[in-house]
Amino acid sequence: MTGASYDNDEVPDGATVDLTHFVSRKSVRGSTSAVVHVGSRGSVRIVGGVINGGISPSATWEGAGGSGYGLDTYVRGRTTVSRLRVHGVRDAFRPRESSADRRAARAT
């Protein structure tokens, strides 16, 4: 399966997102978006996939600018990632916590 991106905000708790046959064709150059976005109210396992973001391998960190992310997660539980290849993006993985998690942390 090839495509520009994969976006799923409603992955069930404990589910596996199988991207084994996913190969991206999305350029994130000059973008702040992610090629793969996964959201869940629980824990998620992400397996496989190839992300090609479009930044030249010869680009410097500064030259990459704000050129997006390979994998962006918004998961309340644990995120496990295996066998995912990420090329040509500024940051390979951007995990984020939910606002409910931030509120709970402040309350303690």
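Each remark here, short or long, concerns the structure printed above.
Notes on the structure follow. On a predicted model such as this, the values are computed, not experimentally measured, just so you know.

1. Considerations on the pattern of salt bridges
Applying the stated criterion across every chain, the model contains 2 salt bridges. Its salt-bridge partner being Arg94, residue Asp72 comes within 3.2 Å of it at the nearest N-O pair. Of this pair, Asp72 sits in strand 8 (residues 69-75) while Arg94 sits in strand 11 (residues 91-96), and the two are 22 residues apart along the sequence. Relative accessible area serves as the criterion here: at 24%, Arg94 is assigned to the partly exposed category. Across the pair Arg96 and Asp72 runs a salt bridge whose closest N-O atoms are separated by 3.0 Å. With a gap of 24 residues between them, Arg96 in strand 11 and Asp72 in strand 8 connect regions that are remote in the sequence. Among the residues examined, Arg96 registers a relative accessible area of 35% and is labelled partly exposed.

The rules behind the values
- Residues numbered from 1 in each chain as written.
- Predicted model: local features only at pLDDT ≥ 70, side-chain atom pairs only at ≥ 80, totals over all residues.
- Heavy atoms only, no water.
- Salt bridge = Lys/Arg side-chain N within 4 Å of Asp/Glu carboxyl O.
- Helix = DSSP H or I, 4+ residues; strand = E, 2+ residues; numbered from the N terminus.
- Buried < 20%, exposed > 50% of the residue type's maximum accessible area, 1.4 Å probe, protein only.

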